[in-house]
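# An overview of the molecular structure
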Amino acid sequence: MSGLQLPHDELVSVYRTMRMIRRFEERVMDEMSTGDIPGNTHLYAGQEASAVGVCLHLNEDDYISSTHRGHGHSIAKGVEIDGMMAELFGKASGTCGGKGGSQHIADIRKGMLGANGIVAAGAPITCGAALSAKLQGTRQVAVAFAGDGAMNEGVMSESFNLAKIWNLPIVFAIENNGFGEATANEHVSAGSFTRRAESFDIPAIEVDGTDVFAVYTAAGEAVERARNGGGPTMLHILVPRYYGHYSGDPDNYRTPEEKAAMRQERDCLVKFRKHVKEVSLLDTAELDAVDDAVEEEIDRAVAAARAAPLPQLSALLTDVYVKYL
Amino acid sequence: MAKKSFRQALNEALHSEMARDPSVIMMGEDLTGGAGAKGVKDAWGGPFGVTKGLLDAFGPERIRDTPISEAAFIGAAAGAALTGMRPIAEIMFVDFAGVCLDQIMNQAAKFRYMFGGRAKTPLVIRATYGAGSRSGSQHTQALYPIFTHIPGLKVVIPSNPYDAKGLLLQAIRDDDPVIFLEHKMLYDTVGEVPDASYTIPFGEARVVRDGKDVLIVAIGRMVGVAEEAARQLAADGISACVIDPRTTSPLDEDTLLEEAERIGRVVIVDEANPRCSVATDISALFADKCFDALKAPIKLVTAPHTPVPYAPNLEDAYVPTPDAVVKAAKSIARR
């Protein structure tokens, strides 16, 4: 891990957000098994350091777009977990009034332009947000999170091209968790992702996505470039995916040994704790207290989500248009 | 009032709205033509000359010639609309929607609903449509049924220069995503168009011609076909009412039902392919809501269930003609 020194409060906040994402996802997995969360969901556990390391550089009015695996990005961008949990339960108090669900959590107020059920679809939308910022001269930055699977969608390459020729204030944060759904990335991806970006003259940085300090450093360079008018950057962030593709995935295409090794060797929270202890930045008791506080918040969010009313049936027909007839 | 072409009417609307509202930007392929080249600037002024002169007036930051990357720039337009701009994106031929339908259908159309009403997406997508230019199967379709089917989109199909200007101004000021379809064979048609700005509300059909024996519903270029048919029918003593819905989403069901109930005999003319089309949609509306008032079967005059052919004689046979409309009207007018 790098020797990066963040102020004490920010260090605690980094740990807290990573822990919050981890426990949010683990709790969602538990709650899924009760049958009270409808449908399926795609969990971000294992990848926390990526969302947190990138979003640390963003202001509330900066933009992000996300993937179908969007809970972590949402939390890191400041979307309230009460609303998110209620959204997953399909309740009226959800971030999107229960009409979006896990795969479409969005909160424009926080610059979160949406998780997305269509792979790579957020990339051009984020180019548009970056164009808005550029034309309005706001110095806002837009980050398009996408996975390794998205790299093989044509619109991703189109977006690289558009971002470069229009010199947009954008960062493409490509989280490579090794699998597009149930297929290994090596089986379906030719060449190198960083070289693909570099072929558009977009600077690319490959980074260990289990080291939040490394992600923070790389993202800092990328966000600064974007904010200062230097155009796009691509981050290739290598992360583990703790669960299967979706919550109902038996994940039997990975061996028990490799899954155990992944959790032992590539856990961003364990690594963080070890590092801050080694360099005496935070003590264990302080981190344990964060864990307890996170647990309480999640308990509260789940209880509130369970108690919240379902959307009124009239909500079926609203919000299709601003005004129709 | 000044006579202007359909093309000029659209150009005026774009000029006046860009001057009025700095958040309006345009992007598309060859909106100017010649970008990055050494020769004439604004060389094309758009593939059909609709956007001529905008570059001079508003500059390349607001008039953006894009790469041939519909998925990227339609997506970017959707994203810009979501974040405070009012983009007008142009798909050169609506057939190219095939490569960017995700951004229209899954993204822009659904933001507001999926996001629980917190988003608005004031996006206009202009595209040419329609047969008649001897361009074969991939530059000629009338794909408005696809867009009309999708909740969240509005679909506008002007039939004349006056409506073209008023509907485009409404589209740009509208807070929802609008698909604005321009029949390429209408660009040179001429009509009276005021110099001043005016808007035409969506969902308000125009009664093109009053009549009492048969109701002809037609949209886009087919309105002219219906009018010609009505003139021929009048010569035979049949009085035809022609209605142009102008927008297929929202659809002015009230006016359509009122006239269908009054007249009781209906012909629907549609340049689109016949299955799951606007013609079948309006026909279903009548069958469902005013069946008892109908005095004869509803007649549909549409393109056949084929791609648009290239050979001139085949393409002419593909597009509904006044003769076909007259024949359909006569088959029910005296029952």
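Residues numbered from 1 in each chain as written. Chains lettered and ligands numbered in written order. Predicted model: local features only at pLDDT ≥ 70, side-chain atom pairs only at ≥ 80, totals over all residues.

With that settled, consider the overall build of chain B. Assigned secondary structure in chain B consists of twelve helices and 14 strands. Based on the C-alpha atoms only, the size of chain B along its principal axes is roughly 65 × 45 × 40 Å. For chain B, buried positions account for 57% of its 335 residues. Here the contacts in chain B between residues at least 6 apart in sequence split such that 77% fall between residues at least 24 apart. (Helix = DSSP H or I, 4+ residues; strand = E, 2+ residues; numbered from the N terminus. Buried ≥ 20, exposed ≤ 12 C-beta atoms within 10 Å, placed from the backbone. Contact = placed C-beta atoms within 7 Å.)

Let's shift gears to the overall build of chain A. Secondary structure assignment for chain A yields twelve helices and seven strands. With the C-alpha coordinates of chain A rotated into their principal frame, the extents come out at 60 × 50 × 40 Å. Counting the 325 residues in chain A, one finds 52% classified as buried. A sequence separation of at least 24 residues applies to 75% of the contacts in chain A between residues at least 6 apart.

So, about the sheet that holds strand β4 (residues 86-93) of chain B. Residues and elements named next belong to chain B. Spatial ordering of the open sheet is given by β3-β2-β4-β5-β7-β6-β12, a layout of seven strands whose pairing is mixed. Lying at the two open borders of the sheet, with one neighbouring strand each, are β3 (63-65) and β12 (247-249). Averaged over all pairs of adjacent strands, the angle between strand axes in this sheet comes to 20 degrees, irrespective of strand direction. Here helix α2 (residues 54-62) sits on the sheet and contacts β2 (24-28) and β3; the angle it forms with β3, its principal contact strand, is near 65 degrees. (Pairing = 2+ DSSP bridges. Axes fitted to C-alpha atoms, helices over the stretch in contact; angles between N-to-C directions.)

Moving on, we get to helix α9 (residues 253-263) of chain B. The periodicity of an α-helix, 3.6 residues per turn, causes residues three or four places apart in sequence to face the same way. Residues and elements named next belong to chain B. Inspection of α9 places Leu256, Glu259, Ala260 and Ile263 among the buried residues, and these make up the whole buried set. Across the axial projection of α9, the buried residues extend over an arc of 100 degrees, all falling on one side. In α9, the exposed residues that point more than 90 degrees away from the buried face are Asp254 and Arg262. Those residues of α9 that are buried lie in contact with β10 (214-218), β11 (240-244), β13 (266-270) and α10 (278-289). Immediately beyond the C-terminal end of α9, within one or two residues, lies Gly264, with a positive phi of roughly 80 degrees. (Arc of directions from axis to C-beta.)

Of the residues lining the interface, 38 residues belong to chain A; the matching set on chain B comes to 36 residues. Mapped by element, the contributors of at least two residues to the side of chain A that touches chain B are α5 (122-136) and α6 (154-165) of chain A. A per-element tally of the side of chain A that touches chain B places α5(A) first, with ten residues. By residue class, the composition of the side of chain A that touches chain B is 21 nonpolar, 13 polar and four charged. (Nonpolar A, V, L, I, M, F, W, Y, C, P; charged D, E, K, R; others polar.)

This brings us to the sheet that holds β10(B). Residues and elements named next belong to chain B. If you trace the five strands from one edge of the open sheet to the other, you get β9-β11-β10-β13-β14, paired in mixed fashion. Across the chains shown, the open sheet's two edge strands, defined by having one partner strand only, are β9 (206-209) and β14 (299-302). In this sheet, adjacent strand axes meet at a mean angle of 25 degrees when their direction is disregarded. In terms of strand pairing, β9 meets β11 through three bridges, oriented antiparallel. Bridge pairing links Arg206 to Asp244 in β11.

All right, on to unusual backbone geometry then. In this model, Ser249(B) is joined to Pro250(B) through a cis peptide bond whose omega is 0 degrees. Relative to the helices and strands, Pro250(B) is located in the loop between β12 and α9. Of note in this structure, Asp251(A) is not a glycine but carries a positive phi near 55 degrees. Assignment of secondary structure puts Asp251(A) in the loop between β7 (233-238) and α10 (256-265).

This part covers the pairing of strand β5 (residues 124-129) of chain B. On any regular strand, side chains alternate: one points to one face of the sheet, the next to the other face. All names here are of chain B. In terms of burial, β5 is a largely internal element, six of the six residues being buried. Burial of the side chains of β5 extends over both faces: Val124, Arg126 and Thr128 are buried on one face and Ile125, Ala127 and Tyr129 on the other. Judged from the five bridges that link them, β4 and β5 form a sheet pairing that is parallel. Of the residues in β5, the one forming a bridge with Glu90 is Arg126.

Turning our attention to the packing of α6(A) against helix α3 (residues 70-82) of chain B. Where α6(A) contacts α3(B), the two axes come as close as 8 Å, and the packing angle between them is 70 degrees. In this view, α6(A) runs roughly perpendicular relative to α3(B), as classed from their interaxial angle. In terms of crossing hand, the pair formed by α6(A) and α3(B) is right-handed. For the pair α6(A) and α3(B), contact is made by Gly154(A), Val155(A), Glu158(A), Ser159(A), Asn161(A) and Leu162(A) and by Ala71(B), Ala72(B), Phe73(B), Gly75(B) and Ala76(B), respectively. In terms of residue class, the contact of α6(A) with α3(B) is made up of six nonpolar, four polar and one charged. (Parallel < 35°, antiparallel > 145°, perpendicular 65-115°, else oblique. Left-handed = near helix turned anticlockwise from the far one by under 90°.)

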